[in-house]
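Per-entry structural report
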Amino acid sequence: MNKRKKVVIDCDPGIDDFLALWLALRSPELDVMGITIVAGNVPVEQGVKNALKVLKITNRLDIPVYAGAQKPLKKPYISAQDTHGEDGLGESDFEDVTNGICRQNASEFLNKTLMANSDVTVIAIGPLTNIAIAMQKDIQAWKKCKALISMGGAFKSYGNCSPVAEYNYWCDPDAASYVYKHSPVLITMVGLDVTRKIVLTPNILELIQQENSEVASVIRKITRFYFDFHWKQEKVIGCVINDPLTVALLLDPEICSGFKSYVQINTDSGIGNGQSIVDEKSFYHHDANAKVLTQVDSIKFMKLFLNRIAEIDLGLLDQILPAIMGEKD
Ligand code: BDR
Ligand code: CA
């Protein structure tokens, strides 16, 4: 039997974080060693509550949740409750879970786990504050990290917080900059260029409803608010679910492709704050610190996602997804 891939997920749940955790927890190839929470979409306390809710629905309350940084390194904290709702889960008001394992000190957990193993992947789907703090405390631990997959930034795509900046890097540009400057492990930058192509549409929701009404009812509850936001903000029918793409990539790296490059995060105040600047043509002759993803097979992603989360038959998905995702006449 293949060994399970060890992973720690650092997140700010958040609607799409919730879906990313759900996908990871429903993937038998992964050994989710812990979940660390950072201030981002919602304050840390709410993020912890939301992580416990997904652990409960997947029956995995044995996995520990660690509270982390309450605010960005330097910049004042701005949540994304306008996008994700006051409770971070689209105002779905799922009951709080009281019997989970909640601990403090996310960065310490990250470093200890990395130190004690040599094959742990860290998936970071919130602002990079916890990761930067952990690296500042013990960079040696990160030399043992197998891979760092970060949802954040944008290469050719426009921003979602400013014309050029994506939320996770914009929320804490100093942390993102620190991580890109100091990470001993190549960062997979899963930016808006690829995540914008991952859209949960009403048709996909209807497919889930037909095949698994219980799962559909949870997804419907948490995404209604997100659907409305996307319509108001970008005239998108449906919602972009950025974060699960990082988990899918760990399961199947072929879902995305891109190129290696040096990336720097802009910490200047002003319009460029939080922008990920990709030196595609190597003007500065720096070694690559990132793999910047530019292409995604969104059907392949959706097939994996729906099969794992809603247990929809792979044959049926092969038959129906190209048509409902608009890639077939
Ligand atoms: C990222 O920001 C958050 O709002 C989402 O959870 C995702 O991680 C997208 O810009
Ligand atoms: Ca997130």
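On a predicted model such as this, the values are computed, not experimentally measured, just so you know.

With that settled, consider the UniProt feature "domain: Inosine/uridine-preferring nucleoside hydrolase" (unreviewed entry) in the protein. In this structure's numbering, the residues bearing the UniProt feature "domain: Inosine/uridine-preferring nucleoside hydrolase" (unreviewed entry) are residues 7–302. Across residues 7–302 one finds 40% helix and 20% strand; the C-alpha atoms that close the span lie 21 Å apart.

In this section: the state of the cysteines. The final tally for this structure, using the stated rule, is zero disulfides. The thiol of C102 is not disulfide-bonded; the next cysteine sulfur, from C11, is found 12 Å away. On the basis of relative accessibility, which here comes to 45%, the residue C102 falls in the partly exposed class. In this model C239 remains outside any disulfide bridge; the closest cysteine sulfur is found in C161, 17 Å from its own.

Time to look at the coordination of the calcium ion (ligand 2). Coordination of the calcium ion (ligand 2) by the protein comes from D12 (OD), D17 (OD), D17 (OD), I125 (O) and D243 (OD), over a distance range of 2.2 to 2.6 Å. The motif formed by the donor residues of the calcium ion (ligand 2), counted along the single chain, is D-x4-D-x107-I-x117-D. Here I125, found in the loop between strand 5 (120–124) and helix 5 (129–137), pairs with D243, found in the loop between strand 9 (239–240) and helix 12 (244–251); they are 118 residues apart in sequence, far enough to count as distant. Overall, I125 belongs to the buried group, its relative accessible area being 1%.

Take the pattern of salt bridges next. Evaluation of the coordinates by the stated rule reveals 14 salt bridges. Its salt-bridge partner being R308, residue E29 comes within 2.8 Å of it at the nearest N-O pair. Within this pair, whereas E29 is found in the loop between helix 1 (15–25) and strand 2 (30–37), its partner R308 is found in helix 13 (residues 298–310), the two being separated by 279 residues in sequence. A relative accessible area of 32% places E29 in the partly exposed class. Across the pair D96 and K49 runs a salt bridge whose closest N-O atoms are separated by 3.6 Å. Of this pair, D96 sits in the loop between helix 3 (81–84) and strand 4 (102–103) while K49 sits in helix 2 (residues 44–57), and the two are 47 residues apart along the sequence. The class for D96 is partly exposed, based on a relative accessible area of 43%.

Taken together, the residues surrounding ligand 1 are D16, D17, N41, H84, I125, M151, N160, E166, Y167, N168, N242 and D243. Residue N41 places a side-chain N or O atom 2.6 Å away from an oxygen atom belonging to ligand 1. Contact between ligand 1 and E166: an oxygen atom at 2.5 Å from a side-chain N or O atom of the residue. Protein contacts shield 96% of the accessible area of ligand 1, which totals 280 Å² for the unbound molecule. Those elements giving two or more residues to the shell around ligand 1 turn out to be helix 1 and helix 7 (167–171). When the residues that make up the shell around ligand 1 are grouped by side-chain class, the tally is three nonpolar, five polar and four charged.

The rules we used
Residues numbered from 1 in each chain as written. Chains lettered and ligands numbered in written order. Predicted model: local features only at pLDDT ≥ 70, side-chain atom pairs only at ≥ 80, totals over all residues. Heavy atoms only, no water. UniProt positions renumbered as here; feature names shortened; annotations may be inferred. Helix = DSSP H or I, 4+ residues; strand = E, 2+ residues; numbered from the N terminus. Disulfide = S-S within 2.5 Å. Buried < 20%, exposed > 50% of the residue type's maximum accessible area, 1.4 Å probe, protein only. Donors = N, O, S within 2.8 Å, 3.2 Å for Na, K, Ca; no water. Salt bridge = Lys/Arg side-chain N within 4 Å of Asp/Glu carboxyl O. Near = heavy atom within 4 Å. Polar contact = N/O pair within 3.5 Å; in protein donor to acceptor, adjacent residues only side chain to side chain. Areas by Shrake-Rupley, 256 points an atom, 1.4 Å probe, with all protein chains shown as cover. Nonpolar A, V, L, I, M, F, W, Y, C, P; charged D, E, K, R; others polar.

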